[in-house]
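# Descriptive structure summary
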Amino acid sequence: MSAPLVEAIGVGKRFGSTVALADARLTVVPGESHALVGRNGAGKSTLVSLLTGLQAPDGGEIRFGGEPAPPLADRDAWRARVACVYQRSTIVPDLTVGENLFINRQPLAGFGRISWKRLRAEGRELLDQWGVEVDVDARAGDLAVEDRQLVEIARALSYGARFIILDEPTAQLDNNEIERLFARMRALQESGVTFLFISHHLQEVYEVCQTVTVLRDARWIITAPVADLPRAALVEAMTGEATALGEGVTESRVGPDVPVRLAVSGLSGDAFTDVSLAVRRGEVLGLAGSSASGKIELAESLVGLRTPSGGSAVLDGEALPFGDVRRALDAGVGCVPRDRHHEGLVPELSVGENSAMTIAGRLGKYGVIAPSRLRAHAERAIADLDIRTEGPGQPVNALSGGNQQKVVMARALATDPRLLVLINPTAGVDVKSKEALLAVVDRIRAGGTSVIIISDELDDLRPCDRVLVMRHGSIADEFPAGWHDHDLVASIEGVTRD
Amino acid sequence: AGCGSTKDAARPAAGGAGAEAGRAGVVLPLLTSPFWQAYNNYVPRMAKELGVETLPTVNSNSDPAQQVTDINNLVTQGVKGIVVSPLDSAAIVAGLRQAENKGIPVVAVDVAPESGKVFMIVRANNRAYGEKACKHIGDQVKKGKVVQIQGDLASVNGRERSEAFNQCMKANYPDIKVLEIPAEWKSDVAAAKLDGLLNANPDVKGIYLQAGGVYLAPTLQTLKSKGMLRPAGDDKHIVIVSNDGIPQEFDAIRKGEIDATVSQPADAYARYGLFYVKAAMEGKTFRPGPTDHDSEIVKLPNGLLEDQLAAPLVTKENVDDKALWGNSVK
Amino acid sequence: MRRLRELALVPALVALIVLGAFVNENFLSYANIISILGSSAALAMVVLAESLILITGKIDLSLESVVGIAPALGALVVIPAASAGFGLELPTAVGLALIVVVGALVGAFNGFLVVKLRLNAFIVSLAMLIVLRGLLVGATKGKTLFDMPEPFFALATTTFLGIPISVWLAAAAFGVAGFFLRYHRLGRALYAIGGNPAAARAAGIRVDRVLLGVFVVAGALSGLGGLIQTGYVGAINANQGANMIFMVMAAAVVGGIAMDGGRGTMSGALTGVLLLGVVTNLLTLAQVSSFWIQSIQGAIILVALMIARVTTGRAQE
Amino acid sequence: MRRLRELALVPALVALIVLGAFVNENFLSYANIISILGSSAALAMVVLAESLILITGKIDLSLESVVGIAPALGALVVIPAASAGFGLELPTAVGLALIVVVGALVGAFNGFLVVKLRLNAFIVSLAMLIVLRGLLVGATKGKTLFDMPEPFFALATTTFLGIPISVWLAAAAFGVAGFFLRYHRLGRALYAIGGNPAAARAAGIRVDRVLLGVFVVAGALSGLGGLIQTGYVGAINANQGANMIFMVMAAAVVGGIAMDGGRGTMSGALTGVLLLGVVTNLLTLAQVSSFWIQSIQGAIILVALMIARVTTGRAQE
Ligand SMILES: Nc1ncnc2c1ncn2[C@@H]1O[C@H](COP(=O)(O)OP(=O)(O)OP(=O)(O)O)[C@@H](O)[C@H]1O
Ligand SMILES: Nc1ncnc2c1ncn2[C@@H]1O[C@H](COP(=O)(O)OP(=O)(O)OP(=O)(O)O)[C@@H](O)[C@H]1O
Ligand SMILES: [Mg+2]
Ligand SMILES: [Mg+2]
């Protein structure tokens, strides 16, 4: 075997009182695709920041090809060794797509002058390679999330480094786009590029990686060929305990006699037209579709975040108010919005306050929030959803991603909704937390709440009694529980398999 | 001659009872004008001459509320008399009341308070400044356009000069049209607006600067750049009357660049402000009538006494007069 | 930890007070303390108003102009034409009410431009600052208004237990605001909006309405601040409030109100106000040369900022 | 689309110019155009400086004080003690160089506090504004400085092709800055930093160093702006630059520079400057009542903002 391409030897990193990494190690050999997995907050992204020279380790050493890592200030040296798609977006929203691809390395004409013509041409070329159909001159901030992610990936791969780190690159992509990414990764791998791949979708690890390293609680646990580590063993290594993996729902649990809770008819809006559907009490409805299918816009219209242009929705016999979250909440609609960083949490406020934000008016007389009631509510939510936190008073931004997502869930559940709308509820959430979140869905369903899960992750859709697939803004297919993965995927992609 | 017409008035004398009478506080309105800066310089000098013990001067920095606070602070420090140059004739009354409550006599310099108790007002009349400038310009120009570069319209001094100038022009020189430039005591604003105005009105015949300290330089600079700065005597000479009496204005008069300035008596302000505060601390009183320093104490309609100091108009004739404060400062 | 941040300035404040006691025997006298409080009351009201807006992540520079225009309009409708009034001679109570109403209306207008038209708050309120300053000069023709009936001055001239009403009023306002911000859902909504407006909206907070409300309340509070100032000075000068915003922002931020929203408490803002009040008083009592007093004051603000930075260990960006 | 945003103000500017031509026949005269340009040159330099800082997502309010203190110190070391100088009587060239150096040093100090100590830029530079204003009063003892050698005034008094050197200088500065911002990696780095500092860092931009550099350059440019101002008014008053920052921010933001960084162009900023210059000139020529001129000016800024908002269709938050 050749010398390791990159090594992290006993590295540690602390942030204040948080130990993000302790004596962690990683050895990546050339030509392989190496997976890095672990629960939320295990320290994966921190390790990435050490491997890409954004931060220096508190202790231990990073080596490239047996040589010590370059000094932090020498960004060019780092970039020659490693390229990265970070978990946090590194797109500059006000610059064009083309310029984002070439930040700080714009092609030059004479006298150190940037050649915009060449920049555009080379940008176009790069986007074409990826089949990203956006204008090079478009403002990057105006792109859809997935296009933005693809631009980042294209940029990282274009640096020409032989070692590329992808930190949860698939979290924002639809299946089609993921497939395209994997095809590209395989091709690059054949030409000798090495990948470090981070994902909470374990099946992707099996699909593209040869070796896997598991981190747990800031520590290295195991490194092994993926073939030697079946899914159950992998999950055990991540969580430290044997977990029975949840089964999907195999047949619908609500009969035709159960009364309808939500009836949507002829609803049209930003990216969908004339949608009609019905959800019964205690029913879990899945809503799938590619990112452009309009499923998110539809969901956001139901919860008051958007105002539809026509049609109606009736909840338990009463018209659902549109375009006003407060009134939707009062009407009994709860929501987990699509992006916890954007719409889910107020980072500086406490876990308790975030979890009770939707019911602040109910925690005391005249709108006064009684601290004891807030605390009681928060402690109940923390226990119910198994949120890992120091306590209700901890600022929510100190929590790991999965636990933050649980706080968003707590916020949605606080109003005891009759209809719960979950948009990408497990995005970026580790397997264990994912199980926990989906278990909560099952519990409230049993209590009679209707749930709509908007996702195209198959694991999220397994607890559904029924899955609707949207394409081009309308409902294209319906799958009762017990569907086969490939049928659903084919429907989402809009390909008819002969 | 006696000082004022009060029987127990004393001539300002060195030493004496000053020290026993206690210390006096002096409040300045602002320090960003050469005039007040000169006044500030005269205060310790005159205090020494008159034998008044003073605290270091306090600067209200153009903020009337700060000025009230400054008076409060002086009262707290136990001064026995206060000389204040109000930023505003009305927005000083609350401060005066504080002093009055503690029985501390106050001398107002430069601006007469609307109400409230002051021992004496020492000032040269701002309205007189405007009128003197008006007459001097009007007599020479008689007909045509005249520019008035105004101060901050929110300041009494500026306002009174403007009003007096405009009224006098209207009454005495109906053929003169007054153009106004509100410049907020700011030199760049004055320059920019004068520059623009002269483009549209190249036939301007006179300019009144309400504050030479700020407006003299930009006015000369603007005229120079437009080739309109002609010495006195030249056909195209623009009659310029300034206001302040700083040395630079005297230089300009000597060179014939401007015609006159109204000399605000910075030295006399300091001297008589301190003189009256000392007198007050010693328990003396004054009555209306002429004084020994070419001025007259008058009783204002609100019952307050005002020593109206002379504000000489300085022209080429008297510009070298040693008695002018502008000729004795450096 | 979170508590600590609010108290970051207390050591600096204590140090200054101890220093003051050494520098001048009158510093800790009852009269001087009242005088510090009395001179800070108007600033305190405006700092309170600005803090509410800053917590929501916005800014309103024009509050300083409200301090002038609101009481001026209130006075103009009351005083006779002979005293430069409009000649309406409305009852005093109407004039006093108008002060608060004008403040609220200006706040509503700014709020409308910022919330509904989505204009940048800094620059909108900067333009409004200039407009209102101009209107004040225009409405008063530059004159100082002073012939107001006694109630216009009562806040500063009347005392209760030896302390001016204005100080009680400011204290009460801070108390109420502090309670609201800490324990009322509307108050907490300000933090949520300042911390993440999208999340606040998704949690059912009517972001636009609350923001508009905050602008209105801040305007009204500044109008009250202007009334206190009027009583304190005994008149309304056409420059009233000019440049006050510098001190307002300094007090708020030194007091730990974050410029980018979502952070800060009323107790912090209050220490900020007191710090500035004590510094000004101390520098005067210490008889620092009037030429240097301003730069020393600025330097102390700068140092206070650094202290706040070091004790809280937080970047202030 | 992107181009459109930069040109948003052009219609407003054209409308004003047409209006001006009707109001006063001299408005479009060669002399008057030169006047507008000459009176805007100093502001233009400071707006340029502030724009660079705003694009990186920071702010420096103390640039207005640099406009006063930098040329004042330059003059004080040159003029004799009799003219209120320090009495050093250094060569004129040293004094002139000192102006730029002082500006750069102030910028470096602010940059250090903001970049290294991570203090909030708004409030640090606000404190510095107060400190420097105070230092100017202290250093000049409140006096106006007149007696500088001719080169101190040359920028405004000397002309080339009938246009003052100051205007050429400002135009050149805008040209160079515009080119840099558009065609140089370093210029583009400012946008990247303003738009997403973490991304800029990841792309290998030395964010701290660039920021520091921008503060230094902005300080130096403001020093130059101060020199132009000195030439324009023919003296240095202890108030020089006071409150100028209001107009600077207004010009920059009306000209499309975003307060939150990452957006704006030099051509936009320049239209902002010209708009303000034209407005002032026009109102003076029209002899609008001096009591209302200020509020009208503010109102025009407000309207220009709204026009910019409507034509670009973008929220300005
Ligand atoms: N800049 C920071 N300041 C403080 N704490 C941090 C910082 N960055 C990371 N942490 C903490 O370090 C720990 C590890 O975080 P890290 O982002 O590496 O987790 P991760 O494994 O990438 O999780 P996820 O799967 O959610 O992305 C977490 O507890 C996190 O809260
Ligand atoms: N949970 C909450 N936390 C913080 N602020 C809230 C909360 N709920 C409502 N608010 C805000 O308080 C204000 C008043 O709320 P309230 O619920 O009384 O609304 P409303 O105007 O009575 O409308 P409706 O009765 O239709 O719900 C609203 O502007 C809202 O945004
Ligand atoms: Mg991570
Ligand atoms: Mg309600």
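First, a word on what this report is: a plain description of the structure on this page. The shown structure was predicted, so the numbers you read here are calculated from the model rather than taken from an experiment.

Moving on: the relation of the copies chain D and chain C. When chain D is brought onto chain C, the operation consists of a screw motion whose angular component is 180 degrees and whose axial shift is 0.0 Å, with 0.2 Å RMSD remaining. In symmetry terms, the pair is related by a two-fold rotation axis. In terms of proximity to the rotation axis, the leading residue of chain D is D:Asn243, whose C-alpha is 4.2 Å off the axis. The overlap is high: 100% of the interface residues of chain D also sit at the interface in chain C, so the same surface is used on both sides.

A word on the site of ligand 2. Neighbouring ligand 2 are A:Arg326, A:Asp330, A:Met357, A:Ala360, A:Gly361, C:Arg185, C:Leu186, C:Ala189, C:Ile205, C:Arg206, C:Arg209 and C:Val210. Surrounding ligand 2 is a set of residues that belongs to chains A and C. Between ligand 2 and the protein, one listed contact pairs a nitrogen atom with a side-chain N or O atom of A:Arg326 at 3.2 Å. Against a free-state accessible area of 610 Å², the protein chains account for coverage of 71% of ligand 2. Contributing elements (two or more residues each) for the shell around ligand 2: helix H10 (325-331) of chain A together with helix H9 (185-195) and helix H11 (207-233) of chain C. When residues of the shell around ligand 2 are assigned to their parent elements, the largest contribution, 3 residues, is made by H9(C). Considering only residue class, the shell around ligand 2 consists of 6 nonpolar, 1 polar and 5 charged.

Before going further, it helps to examine the site of ligand 1. Residue and element names in this part refer to chain A. Taken together, 16 residues lie near ligand 1, and Asn40, Gly41, Ser45, Thr46 and Gln87 sit nearest. At 2.9 Å, a backbone N or O of Gly43 approaches an oxygen atom of ligand 1. Starting from 630 Å² of accessible surface for ligand 1 in isolation, the protein chains cover 70%. Contributing elements (two or more residues each) for the shell around ligand 1: strand E2 (18-28) and helix H1 (44-51). By residue class, the composition of the shell around ligand 1 is 4 nonpolar, 9 polar and 3 charged.

So, about the pairing of strand E4 (residues 59-64) of chain A. Residues and elements named next belong to chain A. By the bridge criterion, 5 bridges tie strand E1 (residues 6-15) to E4 in an arrangement that is antiparallel. Looking across to E4, one finds that Gly12 is bridged to Gly59. Bridge count between E4 and strand E5 (residues 67-68): 2 bridges; the pairing is antiparallel. Its bridge partner being in E5, Arg63 is matched across the sheet by Pro68. Taken together, E4 and the strand that follows it, E5, pair antiparallel across an intervening segment of 2 residues, in which Gly65 is found at a positive phi of about 55 degrees.

Calculation criteria
Think of each chain on its own: its residues are numbered from 1, step by step along the sequence as written. Each chain gets a letter, beginning with A, and each ligand a number, beginning with 1, in the order they are written. Given that this is a predicted model, residues contribute local features only at a pLDDT of at least 70 and side-chain atom pairs are listed and counted only at 80 or more, while totals for whole chains, interfaces and linings are drawn from all residues. Only hydrogens and water are set aside when side-chain values are computed; all heavy atoms of the structure are taken into account. Copies overlap after least-squares fitting; the atoms used are the C-alpha atoms of residues with pLDDT of at least 70 in both. Residues count as neighbours in contact if any of their non-hydrogen atoms are within 4.5 Å of one another. For this purpose, a residue is taken to be near a molecule or strand whenever a single non-hydrogen atom of the residue falls within 4 Å of it. The term polar contact refers here to a pair of N or O atoms within 3.5 Å; inside protein, the definition further demands a hydrogen-donor-capable atom paired with an acceptor-capable atom, and it admits residues adjacent in sequence only when both atoms are side-chain atoms. Reported accessibility uses the Shrake-Rupley method at a 1.4 Å probe radius. Residues are deemed covered only where the shown protein chains occlude them. The numbering of helices and of strands both runs from the N terminus, where a helix is a DSSP run of H or I of at least 4 residues and a strand a run of E of at least 2. For this scheme, ten residues count as nonpolar: Ala, Val, Leu, Ile, Met, Phe, Trp, Tyr, Cys and Pro. Four count as charged, namely Asp, Glu, Lys and Arg, and the remainder, Gly too, count as polar. Two strands qualify as a pair provided DSSP detects at least 2 bridges between them.

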